[in-house]
Amino acid sequence: MTEKKLRIEGADTFGLLGLNDANLEVVERRFDATVVVRGDTITIRGDAVEVDTLDRIFKELIFLLRKNGSLTTNDVETVIDLIATNGEPAVPKTVTSGLSRDELDNVILFTKNQIIRAKTPGQRNYLHQIRDNDIVFAVGPAGTGKTYLAVAFAVASLKNNEITKIVLTRPAVEAGESLGFLPGDLKEKIDPYLRPLYDALDDMIPAEKLRGYIEKRVIEIAPLAYMRGRTLNNAFVILDEAQNASAMQMKMFLTRLGPNSRAIVTGDVTQIDLPTRQGSGLVQIQEVLRGVEGISFVYFDRNDVVRHRLVKDIIDAYEKFQNGGQHQSDEGGS
């Protein structure tokens, strides 16, 4: 971790940052380093190469602001492209040198510590469907990367300035415990339901930068019920554990999308925690929207599992048990 401080001299801080920090947000989306502005001092923390690059970028932006009297987001993008993209490749060659052209085509996101890419045939199909459609439903067992890859794609879209906001949501379905009896305030009661989404983001965005995104609501993580009445523009929206959304909740979620927004819906129809009489919106929607242009359904199976090797065996064991139990029940009733 490297830190550098830069003084804003002869220029207006507000003009540098832009209206509602729009110029700063352009910079933050393009880099993993953290940028903090206090008074006339810019503090940059992160990887040494990025810190040095950002130092040069801000010096150039300050010079342009002094010269022209104003800065636009297009000015910021141009300076970044001239200094960062031309001076230092966006993805270091040492990272990509071991990948074939086909493997590079399946890369979703580069981070400082890893390359996140589609590995199985099902995941590669998932990636291509996300690229080609505005709404994608991913249905399959645990461990197939449905949620993780969806979050990676959302983070990549944010970094590439394709969208300005990420919204991650889950139904807060009670599994054996009532929310009323759980300790803490409402946020503390709900956070455990949303923890897997935080975990995925923790892998992809440095902790300090992630906190900044959440504080500024560039990234929002909330229960599905909180989506009612909203319109989400220029956003990448992910509904996770959708098998626990009712039919009405599913309709409510899908009708939140505004202009230039995209959605991924993930779930496992074998793990429905809804009350017996309440149908799953994920089950119903496969019939409602099948064949609608711009909407795609992707189905994963045990061959797409990328967790511990035993996860495949566990899925197989449960399938055999359930099929055997059904078979015995049929025999007993005949």
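Refer to the structure printed above.
Figured I'd write up the structure that's included with this text. (Residues numbered from 1 in each chain as written. Predicted model: local features only at pLDDT ≥ 70, side-chain atom pairs only at ≥ 80, totals over all residues. Heavy atoms only, no water.)

**Topic: the overall build of the chain**
1) Next: Along its length, the chain carries 13 helices and 11 strands.
2) Next: Split into buried and exposed, the 334 residues of the chain put 46% on the buried side.
3) Next: In the chain, once contacts between residues fewer than 6 apart in sequence are set aside, the share between residues at least 24 apart is 70%.
4) Next: For the chain, the exposed surface amounts to about 17,900 Å²; the carbon and sulfur share of it is 50%. (Helix = DSSP H or I, 4+ residues; strand = E, 2+ residues; numbered from the N terminus. Buried < 20%, exposed > 50% of the residue type's maximum accessible area, 1.4 Å probe, protein only. Contact = heavy atoms within 4.5 Å. Areas by Shrake-Rupley, 256 points an atom, 1.4 Å probe, with all protein chains shown as cover.)

**Some points on the sheet that holds strand 3 (residues 41-46)**
1) Next: What the three strands build is an open sheet, ordered 1-3-2; its pairing is antiparallel. A single partner strand is all that each edge strand has here, and the edge strands are strand 1 (2-7) and strand 2 (34-38). Within the sheet, the average angular offset between the axes of one strand and its neighbour, ignoring direction, is 15°.
2) Next: In this sheet, strand 3 lies alongside strand 2 in antiparallel orientation, the contact comprising five bridges. Counted as the bridge partner of Val35 is Ile44 from strand 3. (Pairing = 2+ DSSP bridges. Axes fitted to C-alpha atoms, helices over the stretch in contact; angles between N-to-C directions.)

**Regarding the side chain of Arg29**
1) Next: Residue placement: Arg29 occurs in helix 2 (residues 22-30).
2) Next: Within the buried set, Arg29 has no salt-bridge partner at all; the shortest N-O distance to an opposite charge, 4.1 Å, is to Glu25.
3) Next: In this view, Arg29 contacts Leu158, Lys159, Asn161, Ile163, Lys209 and Tyr213; residues no more than four positions away in its chain are not counted. (Lys, Arg positive; Asp, Glu negative; His and termini not counted. Salt bridge = Lys/Arg side-chain N within 4 Å of Asp/Glu carboxyl O.)

**A word on the pairing of strand 6 (residues 135-139)**
1) Next: The buried count for strand 6 comes to five of five residues, which makes it a mostly enclosed element.
2) Next: In strand 6, alternate side chains face the same way, and those of Ile135, Phe137 and Val139 on one face and Val136 and Ala138 on the other are all buried.
3) Next: When strand 6 meets strand 10 (residues 262-267), the two strands line up parallel, connected through five bridges. If you follow Val139 over to strand 10, its bridge partner there is Gly267.
4) Next: Summarising the sheet, strand 6 and strand 11 (residues 295-299) pair through five bridges and their orientation is parallel. Its bridge partner lying in strand 11, Ile135 is registered against Ile295.

**Some details on empty space enclosed by the protein**
1) Next: Applying the stated criterion across every chain, the model contains one cavity of 30 Å³ or more.
2) Next: By volume, the largest cavity is sized at about 40 Å³.
3) Next: Within the residue set of the lining of the largest cavity, elements represented by two or more residues are helix 8 (146-159) and helix 10 (207-215).
4) Next: For the lining of the largest cavity, the element with the most residues is helix 8, which contributes three residues. (1 Å grid on protein atoms, 1.4 Å probe; cavity = no way out; pocket = protein on both sides within 12 Å on 5 of 7 lines; lining within 4 Å. Points joined across faces, edges and corners; volume = space filled by probe spheres on them.)

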